Amino acid sequence: MTDSTPAIDATVPHSARVWNYWLGGKDHYPVDRELGQQIEQAFPEIVEIARADRQFIIRSITHLAKEEGVRQFLDVGTGLPTANNTHQVAQTVAPDAKVVYVDNDPMVLAHARALLTSAPEGSTHYIDADLLDPDSLLVQAREHLDFTQPIALTFMGTLVHYPADDELYALVRTYVDALPSGSFLALNDSTDTSQQIIDSAVAWNQNAALTIHLRSPEQVEAYFEGLELLEPGVVSLPYWRPDPSQVGEIRETAQYGGVARKP
């Protein structure tokens with residue numbers, strides 16, 4: 001069987017690779033580092049945002065596995081594997097947790113196949129699918145997850161690449177509607193709460209192939225309509241259930257998110 005995976009384009013900056021660069025990873029090309037450095041010079045807090053996003057993933061997945069008893073996770077828009085990926089966090093708490101990663105980027109696909117390996121008691125799968133095609137994506141996810149039992153659906157910094165319009169909210173609702181009662185939605189997105197990040201978004205959109213669309217905090221909260229938001233609601237990520245042992249002052253970042261339960 002031939003490999004139909006598209007070729008990786010190293011001549012145009014790619015969001016997953018730039019994000020990987022900000023997180024201190026190794027999976028990026030000179031064109032990604034150039035854009036990453038350009039934005040970091042104009043907006044030094046971008047690295048802080050990337051790390052806040054990663055810490056939110058750790059805290060929210062830990063809470064869902066430990067406090068809510070979730071054993072199934074559907075991670076849509078995986079991005080490049082770094083430290084503390086969803087399955088590693090979940091399976092540290094619950095080794096029998098099942099995780100399905102979803103992305104449609106060839107570089108992510110290659111790394112996911114190599115690195116996203118499960119604990120023996122649980123399972124980890126990667127599906128190559130487009131979040132804009134929920135029917136196909138959900139069919140593939142059902143091959144690995146039991147949709148009669150609670151599932152945690154996550155969109156971590158993924159939806160920023162699509163305009164926040166009625167079609168996108170309806171798309172998220174399609175995924176939530178497919179989940180059983182007692183499931184969860186965990187989501188975060190970049191916000192227009194800083195002039196520097198607004199300026200950085202302009203620079204990004206002038207150079208990167210995949211544009212970004214900043215939200216207001218209210219637009220982020222709209223994703224959770226009809227769901228039961230867990231405390232403290234939709235907030236700047238460092239303020240979502242910070243680790244009590246955290247040292248130093250908590251600073252707001254222009255990345256907001258929350259976790260909600262499906263009734």
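Residues numbered from 1 in each chain as written. Predicted model: local features only at pLDDT ≥ 70, side-chain atom pairs only at ≥ 80, totals over all residues. Heavy atoms only, no water.

**Q** Looking at this model, I keep getting lost on helix α4 (residues 86–93). Mind explaining?
**A** Because each turn of an α-helix spans 3.6 residues, side chains separated by three or four positions in sequence point in the same direction. Where α4 is concerned, the buried positions are Thr86, His87, Val89, Ala90 and Gln91. Close packing links the buried residues of α4 with α3 (45–66), β1 (72–76), β2 (98–103) and β3 (123–128). (Buried < 20%, exposed > 50% of the residue type's maximum accessible area, 1.4 Å probe, protein only. Helix = DSSP H or I, 4+ residues; strand = E, 2+ residues; numbered from the N terminus. Contact = heavy atoms within 4.5 Å.)

**Q** Quick question: what am I supposed to make of the pairing of β2 here?
**A** For a regular strand, the rule is simple: side chains alternate between the two faces of the sheet. For β2, the buried fraction is high: 5 of the 6 residues fall into the buried class. Two strands pair when backbone bridges link them, and β1 and β2 are joined in this way by 5 bridges, in the parallel orientation. Residue pairing across strands places Leu74 opposite Val100, the latter belonging to β2. (Pairing = 2+ DSSP bridges.)

**Q** Quick question: what am I supposed to make of the side chain of Ser123 here?
**A** If you trace the backbone, Ser123 turns up in strand β3. With near-sequence residues (within four places) excluded, Ser123 lies in contact with Gln91, Ala97, Lys98, Val99 and Ser118.

**Q** Quick question: what am I supposed to make of the packing of aromatic side chains here?
**A** What characterises a pair of aromatic rings is the spacing of the ring centres plus the angle enclosed by the ring planes. If you walk through the whole model with that rule in mind, you get 3 aromatic pairs. Here the aromatic rings of Phe56 and Trp240 are separated by 5.5 Å at their centres, their planes lie at 85°, and the arrangement is edge-to-face. Remark: Trp240 occurs in the loop between β7 (235–236) and β8 (255–261) and Phe56 occurs in helix α3; sequence separation between them is 184 residues. The residues Phe56 and Trp240 share a single accessibility class, namely buried. (Phe/Tyr/Trp six-rings, centres within 6.5 Å; stacked < 30°, edge-to-face > 60°.)

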